[in-house]
Amino acid sequence: MKKKPYRLHLMVCGGTACVSNHSFEIKEALENELKKKGLEEEVLVVTTGCNGFCEAGPLLVVKPDNIFYNRLTVEDIPHLVEEHFLKGRPVKKLMYVPPKEELPIPKLSDIGFFKNQILLALRNRGLIDPEKIDDYIARDGYKSLTKALTKMTPEEIITEVKNSGLRGRGGAGFPTGVKWEFVRNAEGEPKYLICNGDEGDPGAFMDRSIIEADPHSVLEGMLIGARGIGAKEGFIYVRNEYPLALQRMYIAIDQAREYGLLGKDILGTGFDFDVTVVRGAGAFVCGEETALMASVEGRLGEPRPRPPYPAQSGLWGKPTNINNVETWANVPVIIDRGAKWYSSIGTELSKGTKVFSVVGKVKDTGLVEVPMGLSLGDIIFDICGGILKDRKFKAVQIGGPSGGCVPAKLLNLPVDYEQLTQAGSMMGSGGMVAIDENTCMVDLAHYFLTFTKGESCGKCTPCREGIPRMLEILSKIKEGRGEMEDLTLLEDLATSIKATALCGLGNTAPNPVLTTLRYFRNEYEDHIKYKKCPAGVCNEIVSSPCHHTCPIGTEASSYVALIAQGKFKEALEVNRWVNPLPSVCGRVCHHPCEIRCRAGEVAEPIAIRHLKRFIADYERTNGGRPSVKPVSKKYEKVAIIGSGPAGLMAGWELGKQGYEATIFEAESVPGGMLAWGIPEYRLPKNILNSEIEAIKELGVEIKTNTPIGKDLTIDDLFKQGYKAVFIATGAPVNMKLGIPGEDVEGVIDPIEFLKKYNLNKEAKVGQKVAVIGGGNTAIDSARTAWRLGAEVTILYRRTRPEMPANEEEIDEALKEGIKIDFLTLPIKAYAKNGKLYKIKCTRMALGDFDKSGRRRPVPVEGSEFEMEIDTLIPAIGQQPDLTFLDGKGKLKISKWNTLEVDPETKATNMPGMFAGGDVVSGPATVLEAMQAGKIAAESIHKYLRGESLERDYKPTEPKLEVPAAEVTPEEAEELERPEMPALSVEERKGNFKEVELGLSEELAIREAKRCLRCDLESKGGKK
Ligand SMILES: Cc1cc2nc3c(=O)[nH]c(=O)nc-3n(C[C@H](O)[C@H](O)[C@H](O)COP(=O)(O)OP(=O)(O)OC[C@H]3O[C@@H](n4cnc5c(N)ncnc54)[C@H](O)[C@@H]3O)c2cc1C
Ligand SMILES: Cc1cc2nc3c(=O)[nH]c(=O)nc-3n(C[C@H](O)[C@H](O)[C@H](O)COP(=O)(O)O)c2cc1C
Ligand code: SF4
Ligand code: SF4
Ligand code: FES
């Protein structure tokens, strides 16, 4: 009796990643459960090869309806079988939910990762059981072989492959058909064929996956190639570290032999061909064709000079054709669908598709097959979901250890052989490692070169001697001992090794160094000149990433460690070494330390800002701030214009040293944006004022209501005996939108709006407010308007990950019910009787990538819509107001209307005049302004003491050695980043009470205990 077809096929992924995540156990559990429910005749469980989306494994795809389940465990199975396979109700909670979204995507074909892929080499992935030749045949397997053996001459086969434009996928990209022709025409018999499955690049797993998922596609390709070339014997070289691939290949070969598809008289055509599997010992250099052949012959796997090429003299001196696994897997497709069809995919010189293993810092790592010419950005962002934790994309290393880094500014680069080579990288075999802002490019070059050094066979001098020399220089730079001349030496060495090494390993090993030097030279210079590793990675100069990254050098690792031990006052003291405003920073700092925090690599970063606030608040509530002893004034008078964080910091530093520092402030209160920009609900003014008082107690005078440029000019200051001037006047001038109608009543300046409220509590808004922009000013304006009772919508032209405002502020705004319309841009404002009543907006779509690596928003034609509002707050950026310099015209001003200074010293072009903070950088952050104030104070001191302004840079080293707190493994397991206690939304309405309430003592200690104590790992920590 004919068996009834199965109602459902459960395709369980049996690729290496899923298997290591227990997919075989899941399969067994499925079979048992189906049996229990009596479903074994209706539902068939099939093991497939890798589906590519290894990140989400273990996977199960239900056919025919394509329902996709991910991250399964054995415990999920009874419920899944009961619900879906018995009762027909797919289980939502086991489906894939994209990061930051809530709704699951039921079908595989609707998941971003699988869209935009074109599967040729991977045509059978997830669709067949790789251990069953019948499955392959059912998907038209061996049809191309039949065609090649029965309907085509060897010459026609070669012509078809040549016309298809197929190029070798093993790295060099040599035209496959041309190579076959060389071998066919070469003198000598027998001729051999090799499949190169060595795949030694760290992070690459294309070839392994192809063999694991579809070994017959490789065999069929080789059979067709053998017929074209005239070979009877082939070798499949697979590294021994690929046990599953080896096992599946052995099974495939046995089955093909059984079916008469390998061996003698294949398909009765008189054609003979058979293969032998050779297991490689895992040396990268054995992937090089001449070394590989030596290894197959049983000799030492060392390359030899070419010519002669393998096509003339290969295995045992006979003509040999060697192709990569993926190259072979493409061949049946070309024979089946024809060269014309195949060559219609891809770019002019790079045809077809390419399989990439995308690993590193992307959200969805895995194996993707895309048409040649797709942009790098499309692969990284559209298919692989973008960068983990929405960090900044920095570069992608393509082509394995001997490839090169392509930077964010080249995200539009179409990926093909020529374009990648032009960018200094190469296709290689298709490894892609995505790199985020927390990766140090010098360290990365060092890492890859360490790999190639270890893999060099040592046969030729440039590679054997040159790579270690390059590594020595890189180590020197990483350790902060580098000199600028080292960069020239590195470049010279790299270029000559490239030109003179014997084989491809040496020829390409310098690529990571050359490309990082080309695109990230500034990072090398930072290590050399400033002893700075911007990514906070190089342990020899980085005490801990948090300490190293803090713009004013706060020893965060030490104070976090003291908090873990309950030593709160000591912890605050560590802050006060460098920071006069810890309570302020504990509330509004943009915390770059947390972005670099290594705890964030494994879980959530330590809540460093919250901890700082905790110790500052602890002091206030437990005895108050100790009064500051005034310093005796022994030095000259220095004038500071502006009392924002830059001015306050400079005043504090100068005051501590005994200068007679006077801060001139135009407004009625000191603090700059801290006082009249940032609202009370984030930064209570009594707290700000108490820290400003401590600065004043040092002897720093603050003259409010004293604008410089009106009654008192800078020249007057010098005349009054001030020996140096620091200009820290900020960037308060709001930028215009440049749209028709923006000058009508109802369009208000955000800075004026916030100032009015903060200083006099008298700002007014209407009922329906739209705020434009994505920075802190936009969010603060929106949240202020909401507190004043308005219904508020923020319009932002890009998407959430690109919003420059502090992440926490965006979250809070959303909680408060403020709507954010992403990808929206206002284009016109309309007034009735002179008053704003509506705006017209257009929707935006994300287009290609700009130089910063962000997608450019472009208007969507026909998407215009209108919004009725009575208040519009355009907060798209600010500029300095330099009118107070009126007529002087001697200070250099940039095209962005900011003051130009020497970035290292903050000295302007005028002697005795220094500038820093937003007036130089444009709108930035509190901490950057404080850093500028600190540097300016140091320079002013040197200037007045007649010393050179040149700064002496040192690696960061902790001053304090704090022993590690005791944390039991059980305790460590339970620790997690605490939520900041906050007012409920109801409690915030109509008032400006502080929203964040601060961590409790218990929460603070627990959080501090989570710190990994990176400082104990660093050179400084070990001293
Ligand atoms: C609404 C808003 C929210 C923000 N939120 C954050 C945040 O959460 N975190 C963060 O890190 N950054 C934030 N920022 C940015 C941050 O406030 C600024 O980068 C920082 O204050 C710049 O410091 P500054 O000292 O250079 O200038 P400012 O703070 O702008 O201070 C300049 C001072 O100079 C005075 N002045 C100007 N001209 C004269 C003159 N001719 N004579 C005398 N005095 C003069 C001004 O009155 C002002 O007091 C925010 C900015 C705004 C506008
Ligand atoms: C150091 C080194 C390692 C290589 N490793 C591999 C490899 O793992 N797999 C591969 O197919 N080709 C590798 N190659 C390229 C091979 O030498 C050869 O070009 C390729 O196998 C030819 O096949 P193709 O034309 O199909 O690309 C390597 C080359 C070098 C220099
Ligand atoms: S370049 Fe390096 S790997 Fe290649 S032959 Fe020379 S020493 Fe060996
Ligand atoms: S884990 Fe601790 S020491 Fe390391 S960066 Fe984070 S806070 Fe600093
Ligand atoms: S191993 Fe299962 S998706 Fe890759």
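Residues numbered from 1 in each chain as written. Chains lettered and ligands numbered in written order. Predicted model: local features only at pLDDT ≥ 70, side-chain atom pairs only at ≥ 80, totals over all residues. Heavy atoms only, no water.

## Considerations on the overall build of the protein chain
Within the protein chain, the regular secondary structure consists of 41 helices and 29 strands. On C-alpha atoms alone, the protein chain measures out to a radius of gyration of 33 Å, which is about the 31 Å that the 2.2 N^0.38 rule sets for 1023 residues. Across its three principal axes, the protein chain shows a C-alpha extent of roughly 105 × 70 × 60 Å. Burial status across the protein chain gives 58% buried among its 1023 residues. (Helix = DSSP H or I, 4+ residues; strand = E, 2+ residues; numbered from the N terminus. Rg over C-alpha atoms; globule rule 2.2 N^0.38 Å. Buried < 20%, exposed > 50% of the residue type's maximum accessible area, 1.4 Å probe, protein only.)

## Some points on the site of ligand 2
Neighbouring ligand 2 are 19 residues, the closest being G170, E199, N323, N324 and T327. One nitrogen or oxygen atom from the side chain of N196 is found 2.9 Å from an oxygen atom belonging to ligand 2. E289 has a polar backbone atom sitting 2.9 Å from an oxygen atom of ligand 2. Bound to the protein, ligand 2 loses 91% of the 600 Å² it would expose on its own. (Near = heavy atom within 4 Å. Polar contact = N/O pair within 3.5 Å; in protein donor to acceptor, adjacent residues only side chain to side chain. Areas by Shrake-Rupley, 256 points an atom, 1.4 Å probe, with all protein chains shown as cover.)

## Some remarks on the site of ligand 1
As a matter of local geometry, ligand 1 sits amid 36 residues, with V588, E665, R682, D918 and V926 nearest to it. In this structure, R682 approaches ligand 1 through a side-chain N or O atom, which is 2.7 Å from an oxygen atom. Residue I708 places a main-chain N or O atom 2.9 Å away from a nitrogen atom belonging to ligand 1. Compared with its free state, where it exposes 1000 Å², ligand 1 has 95% of that area covered by protein.

## Concerning the sheet that holds strand β13 (residues 404–407)
An order of β11-β10-β14-β12-β13 is seen for the five strands of this open sheet, with the pairing classed as mixed. Both outer strands of the open sheet, β11 (366–371) and β13, are each paired with one neighbouring strand and no more. The sheet shows a mean angle of 30° between the axes of neighbouring strands, direction not considered. For strand β10 (residues 353–360) and β11, the ladder comprises six bridges, and the chain directions are antiparallel. Across the sheet, residue T353 finds its bridge partner in β11, namely P371. (Pairing = 2+ DSSP bridges. Axes fitted to C-alpha atoms, helices over the stretch in contact; angles between N-to-C directions.)

## So, the environment of K989
Here K989 is to be found in the loop between α39 (985–988) and α40 (1001–1009). Counting along the chain gives 201 residues from K989 to L788, while the straight-line C-alpha distance between them is 8.3 Å.

## Some words on the nonpolar core
Counting 63 residues, the largest nonpolar core has Y142, L219, M222, I236 and F273 as the members making the most contacts within it. Aside from chain neighbours lying at most four places away, what touches I236 is C195, L219, M222, M249, I253, V275, T276, V277 and V278. Membership of the second largest hydrophobic core comes to 51 residues, among which are L413, L420, A423 and F448. (Core = buried A, V, L, I, M, F, W, Y, C linked by side-chain atoms within 4.5 Å. Contact = heavy atoms within 4.5 Å.)

## Focus: unusual backbone geometry
Glycine aside, the phi torsion of most residues is negative, and most peptide linkages are trans. With an omega of 15°, the peptide bond running from K63 to P64 counts as cis. Mapped onto the elements, P64 comes out in the loop between β3 (60–63) and β4 (67–69). Each neighbour pair has its own omega, and for R306 with P307 the value is -5°, a cis peptide bond. Along the polypeptide, P307 turns up in the loop between α11 (289–296) and β9 (320–324). Even without glycine at this site, D140 takes up a positive phi of about 70°. Take D140: it is sitting in the loop between α4 (133–138) and α5 (143–151). A positive phi angle, near 55°, is found at K389, a position not held by glycine.

## Some thoughts on the packing of aromatic side chains
Within the structure shown, the criterion is met by 26 aromatic pairs. With a centroid separation of 5.9 Å and an interplanar angle of 70°, the aromatic rings of F381 and F393 are classed as edge-to-face. On the criterion of sequence distance, the pair formed by F381 in helix α14 (residues 376–383) and F393 in strand β12 (residues 393–398) is long-range, its members being twelve residues apart. By relative accessible area, F381 is classed as partly exposed at 25%. A network of ring pairs unites the aromatic residues F53, F68, Y96, F113 and F114 as a single cluster. Geometry around Y242 places R208 over its ring, the cationic atom sitting 5.8 Å from the centre. (Phe/Tyr/Trp six-rings, centres within 6.5 Å; stacked < 30°, edge-to-face > 60°. Lys NZ or Arg CZ within 6 Å of the ring centre and 35° of its normal.)

## Concerning the pattern of salt bridges
Across all of its chains, the model carries 78 salt bridges by this definition. Put simply, R596 and E437 hold a salt bridge, and the shortest N to O gap is 3.6 Å. Taken together, the positions of R596 in helix α26 (residues 592–596) and E437 in the loop between β14 (431–436) and α16 (441–455) put the pair 159 residues apart, joining distant regions of the chain. Here the two residues R596 and E437 agree in accessibility, since each one is buried. R783 is the salt-bridge partner of E809, the closest N and O atoms lying 2.7 Å from each other. Pair noted here: E809 is in helix α35 (residues 807–815) and R783 is in helix α34 (residues 776–787), with a separation of 26 residues, a long-range link. As far as the burial class goes, E809 and R783 line up, both buried. Among the charged side chains, a network of salt bridges with common partners joins R682, D780, R783, R787, E809, E812, K815, E816 and R988. (Salt bridge = Lys/Arg side-chain N within 4 Å of Asp/Glu carboxyl O.)

## Some details on the sheet that holds strand β29 (residues 913–915)
Strand order in the open sheet formed by five strands is β17-β16-β15-β18-β29, and the pairing between neighbours is parallel. Of all strands in the sheet, those bounded by a partner on one side alone are β17 (701–703) and β29. For this sheet, the mean angle separating the axes of adjacent strands, direction not counted, is 20°. Where strand β18 (residues 722–727) lies against β29, three bridges are found, and the strand directions are parallel. Pairing of F726 across the sheet is with F914, part of β29. Contacts from helix α29 (residues 645–657) reach β15 (637–641), β16 (660–664), β17 and β18 within the one sheet, and its direction differs from that of β15 by about 165°.

## Side note on helix α12 (residues 325–337)
With eleven of its 13 residues buried, α12 lies for the most part within the structure. Taken together, the buried positions of α12 are occupied by V325, E326, T327, W328, A329, N330, V331, P332, V333, I334 and I335. Between a side-chain oxygen at the N-terminus of α12 and the backbone nitrogen of E326 the separation is 2.7 Å; the capping residue is N324. Backbone geometry just after α12 places G338 at a positive phi near 95°.

## Details of the packing of α16 against helix α21 (residues 521–530)
α21 packs onto α16 with a crossing angle of 100° between their chain directions and a minimal axis gap of 8 Å. Relative to α21, α16 is oriented roughly perpendicular. The residues of α21 that touch α16, namely those facing M441, V442 and A445, are E523, Y524 and H527. Within the contact of α16 with α21, the residues separate by chemical class into four nonpolar, one polar and one charged. (Parallel < 35°, antiparallel > 145°, perpendicular 65-115°, else oblique. Nonpolar A, V, L, I, M, F, W, Y, C, P; charged D, E, K, R; others polar.)

## Section: the pairing of strand β1 (residues 8–13)
Summarising burial for β1: five of the six residues are buried, a large majority. Here β1 pairs with strand β2 (residues 43–48) via six bridges, running parallel. Residue pairing for β2: V12 is matched across the bridge by T47. Here four bridges tie β1 to β3, and the two strands are oriented antiparallel to one another. By the bridge assignment for β3, L10 is matched with V62.

## Some thoughts on the packing of helix α17 (residues 461–478) against helix α18 (residues 484–500)
The description of two packed helices rests on the angle between their axes and on the distance between the axes. With their axes 10 Å apart at the nearest point, α17 and α18 run at an angle of 160° to one another. In terms of orientation, α17 lies roughly antiparallel with respect to α18. For the pair α17 and α18, the sense of crossing is left-handed. Of the residues in α18, those touching α17 at P462, C463, G466, I467, R469, M470, I473, L474, K476 and I477 are D486, L487, L489, L490, L493, A494, I497 and T500. Residue composition of the contact of α17 with α18, by class: 13 nonpolar, two polar and three charged. (Left-handed = near helix turned anticlockwise from the far one by under 90°.)

## Structural notes on the side chain of Q117
Mapped onto the secondary structure, Q117 falls in the loop between α3 (77–86) and α4. Among the polar contacts listed, one links the side chain of Q117 to the backbone oxygen of F113, at a separation of 2.7 Å. Of note is the side chain of Q117, whose polar atom sits 2.8 Å from the backbone nitrogen of E369. Dropping the residues within four chain positions of it, Q117 is found in contact with R125, L367, V368, E369 and I383.

## Considering the environment of C13
Its place among the elements puts C13 in strand β1. Accessibility expressed as a relative area gives 1% for C13, which makes it buried. Note: C-alpha distance between C13 and G52 (39 residues apart in sequence) is 9.6 Å. Those residues in contact with C13, other than ones at most four positions away along the chain, are C18, S23, T48, G49, C50, N51 and L59.

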